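Summary of structural features
Listed below are the residues making up each chain.
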Number of protein chains: 2
Amino acid sequence: MLVPYNELLDTFKKILLKEGMNGDKASICAEIFAGNSRDGVHSHGLNRFPTFITHIKQGLIAIDAEPGMISKKGVLEHWDGHLAPGMYTASKAVAKAVGIAKENGLGMVAVKNTNHWMRGGTYGWQAADNGCIAICGTNSIANMPPWGGKEPTLGNNPLVIAVPRSNGHLVLDMAMSQYSYGKLHEHYLTGKKLAHHGGYDESGQLSTDPDAIMKSKRTLPVGLWKGSGLSLMMDVLVSSLSGGRTVGEITASGSEYGVSQFFICISPAELNEGIIENIIAYAKSSAVTDEQSSIRYPGESTLRTRQKSMAEGVYVNDKIWQEVQAL
Amino acid sequence: MLVPYNELLDTFKKILLKEGMNGDKASICAEIFAGNSRDGVHSHGLNRFPTFITHIKQGLIAIDAEPGMISKKGVLEHWDGHLAPGMYTASKAVAKAVGIAKENGLGMVAVKNTNHWMRGGTYGWQAADNGCIAICGTNSIANMPPWGGKEPTLGNNPLVIAVPRSNGHLVLDMAMSQYSYGKLHEHYLTGKKLAHHGGYDESGQLSTDPDAIMKSKRTLPVGLWKGSGLSLMMDVLVSSLSGGRTVGEITASGSEYGVSQFFICISPAELNEGIIENIIAYAKSSAVTDEQSSIRYPGESTLRTRQKSMAEGVYVNDKIWQEVQAL
């Protein structure tokens, strides 16, 4: 069914306040959950909200904690998230990196002991709304084998790159596996094959069968050996810069909490919007592969979904919506 | 055949001096060409040297030019490369970004009107040798269709990420196409199929036939829609930050010159080498897919090739080596 954005927002906020979260934190977290559903990223919006509440009850998320700066070197700050809600800390970290960048061209915050940021794109949109370019990264629990290996010892460690633009920001939000476990499960439930290879089956053959891939745990890195290398580098960047937990340590702890992240913001003297428009127009000038295809820039469909949700209501899964309303 | 590194270096330098390049510039360019061959990246070492000389003769590379700063905002500098040799300007830009980062945590140089940097990894190694993390990017001529399109309107726009490490730096040097045209051509010449899909044939089917892909010009982005998006974002970053030429403009000019690049360096108070070792060890703890496979971190094989080349001599293609010696 479709639910007005404000109803979704108010429901989330009311529940978070009931859990004991303070008003400021509850507002930020509710806005991010509602915003993710509004933008069509249901897996990290409404659908993830019950897990978030469970993690609070289990003590993996410390609702009373505040992130704090440990040290600072010029435009680079080092924070401890103290296991506060990840979206809260991530949005504070971006705001700080934006502030530093506006003064100094660049600003960076590296955070250890933080929690899942839900949709990474959120912080790209936030930086871009504030006129900044952003490059952000996080690590995750191990969910992908390295190239040459068959057991998952890499995370999908999403990378976010955002560039502000008057006609709709460019926001790339890219995990290092070709398909997330969420997507594999979604295909499995609806009995659909993947459109492209998503991993290997247990006999080591490339496969489009979501069930076979979930069973083998051999998901495919984007670009094969290339995405495997990029995933490892993302873990090195977030963990070594923050001094926080690695994919291996998160995995050993049994739950995806206490992760490591970084947020780089760039605020150039000039952003050359005309150049950005030229790049988009040139990319789109390619003939399409077939009538059903279109060429889109990163963030283009998000913006379209957002506008539709605000006009017509936000799509929610009836069952999960009822479950959340009862929380 | 195998040639001592110093012989390769001296030969390149002598030719560059003969072409009228000054001593400092000739030393840097010769070291980069020789270093690329030494590290096993022949396509951007010896094998590319004749093209470099041709580009100098055609005036696409201005050997007398010096890159210069246009403006500065805090730790972010904006340079004009004035079409000087790309490797020279890139190494100067990294050196500057390293210097700024050592003082301020981060430093960045965005460069317009520069030239091909040959192997991007070179500048990652340079930053890491100086104790800095680096994130660098460049654009290129259009050589890859965007996802959903069938004509090349994206570049392969390499991304470099480097992290210093006592036992051998981590250096990822990743173009956004699964296989470069150089690799396709190499397979074609030796009559080999690609090990994985490298693009589409003219009928729109995924293919491992290098000739069919070169004919269709439909190379495959890493991670399909994901690498297509990342390539577009790289062009946006390098071009909008530098105010330089886009992939579309480089392509329209008919030659791959006058490109746009950026160099970010990060110098944290602490680099947590133990964390980096843990990440590498954990990744390598996965069982391998078969006896021939191994799990490697980005830069691992480069270092091995380098050590072998220095001990036994640098591999050169006999014909190209003769051709270069006659220049």
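Note that this is a predicted model, so its numbers are computed, not measured.

1. Concerning the overall build of chain A
The helix and strand tally for chain A stands at twelve helices and eleven strands. Whereas a compact globule of 327 residues would reach a radius of gyration of roughly 20 Å, chain A reaches 20 Å, a difference of no more than 12%. By its C-alpha atoms, chain A is 50 × 50 × 45 Å across when sized along the principal axes. Counting all 327 residues of chain A, 58% fall into the buried class. Nonlocal contacts in chain A, meaning residues at least 24 apart in sequence, comprise 61% of its contacts between residues at least 6 apart.

2. Digging into the domain arrangement of chain A
Residue and element names in this part refer to chain A. Each assigned domain of chain A is listed with its residue range as follows: domain 1 (1-58 + 296-327) and domain 2 (68-177 + 221-266). Placing the centre of domain 1 and that of domain 2 at their C-alpha centroids yields a distance of 22 Å. Listing elements by their share of the side of domain 1 that touches domain 2, those giving two or more residues are α2 (23-38) and α11 (300-312). A class-by-class count of the residues in the side of domain 1 that touches domain 2 yields seven nonpolar, six polar and three charged.

3. Here's the deal with the packing of helix α4 (residues 86-104) of chain A against helix α5 (residues 121-129) of chain A
All names here are of chain A. For the pair α4 and α5, interaxial distance at closest approach is 10 Å and the crossing angle is 30°. With respect to their mutual orientation, α4 and α5 come out roughly parallel. Considering the relative orientation of α4 and α5, their crossing is right-handed. Of α5, the residues touching α4 (which contributes Ala90, Ser91, Val94 and Val98) are Tyr123, Gln126 and Ala127.

4. As for the interface of chain B and chain A
How big an interface is tends to be stated in terms of accessible area lost as the parts join. Residue-level contacts link 67 residues of chain B with 67 residues of chain A. Of all the secondary-structure elements, those providing two or more residues to the side of chain B that touches chain A are β2 (68-73), α4 (86-104), β4 (106-114), β6 (159-163), β7 (170-174), α8 (225-242), α9 (247-252) and α10 (273-284) of chain B. Of the residues assigned to the side of chain B that touches chain A, the class counts are 35 nonpolar, 25 polar and seven charged.

5. Quick look at the sheet that holds strand β4 (residues 106-114) of chain A
Residue and element names in this part refer to chain A. Pairing is mixed in the open sheet, where seven strands are placed in the order β2-β3-β4-β10-β5-β6-β7. A strand with exactly one partner marks an edge of an open sheet, and here the two such strands are β2 (68-73) and β7 (170-174). Here the average twist between neighbouring strands, direction ignored, is 10°. Two elements, β4 and strand β10 (residues 259-266), share seven bridges in a ladder whose sense is antiparallel. Bridged to leucine 106 within β10 is isoleucine 266.

6. Remarks on the packing of helix α1 (residues 5-18) of chain A against α2 of chain A
All names here are of chain A. Where α1 contacts α2, the axes come no closer than 8 Å and their chain directions differ by 140°. Taken together, the axes of α1 and α2 lie oblique to each other. Pair α1 / α2 crosses with right-handed handedness. Taken together, the residues of α2 that come into contact with α1 (itself represented by Tyr5, Leu8, Leu9, Phe12, Lys13, Leu16 and Leu17) are Ala26, Ser27, Cys29, Ala30, Glu31, Phe33, Ala34, Ser37 and Arg38. The residue inventory of the contact of α1 with α2, partitioned by class, reads eleven nonpolar, two polar and three charged.

7. Things to note about the pairing of β10 of chain A
Where a strand is regular, its side chains alternate between the two sheet faces. Residue and element names in this part refer to chain A. Most of β10 sits inside the fold, with eight of its eight residues counted as buried. Residues Val259, Gln261, Phe263 and Cys265 of β10 are buried on one face, and the alternating residues Ser260, Phe262, Ile264 and Ile266, pointing to the opposite face, are buried as well. With six bridges joining them, strand β5 (residues 133-138) and β10 adopt antiparallel strand pairing. Bridging from a neighbouring strand, cysteine 136 pairs with phenylalanine 263 of β10.

8. Regarding unusual backbone geometry
With phi around 50°, histidine 82 of chain A is a residue other than glycine that occupies positive phi space. Relative to the helices and strands, histidine 82 of chain A resides in the loop between β3 (76-80) and α4. For histidine 82 of chain A, a count of 18 C-beta atoms within 10 Å puts it in the partly exposed group. At leucine 83 of chain B, a residue that is not glycine, the phi angle is positive and equals roughly 60°.

9. Remarks on helix α11 (residues 300-312) of chain B
When the terminal C-alpha atoms of α11 of chain B are compared, their 19 Å separation across 13 residues agrees well with the 18 Å that a helix rising 1.5 Å per residue should span. One or two residues past the end of α11 of chain B sits glycine 313 of chain B, with phi positive at roughly 110°.

Thresholds, definitions, all that
- Residues numbered from 1 in each chain as written.
- Chains lettered and ligands numbered in written order.
- Predicted model: local features only at pLDDT ≥ 70, side-chain atom pairs only at ≥ 80, totals over all residues.
- Helix = DSSP H or I, 4+ residues; strand = E, 2+ residues; numbered from the N terminus.
- Rg over C-alpha atoms; globule rule 2.2 N^0.38 Å.
- Buried ≥ 20, exposed ≤ 12 C-beta atoms within 10 Å, placed from the backbone.
- Contact = placed C-beta atoms within 7 Å.
- Domains from an automatic or database assignment.
- Nonpolar A, V, L, I, M, F, W, Y, C, P; charged D, E, K, R; others polar.
- Axes fitted to C-alpha atoms, helices over the stretch in contact; angles between N-to-C directions.
- Parallel < 35°, antiparallel > 145°, perpendicular 65-115°, else oblique.
- Left-handed = near helix turned anticlockwise from the far one by under 90°.
- Pairing = 2+ DSSP bridges.
- Expected span 1.5 Å × (residues − 1).

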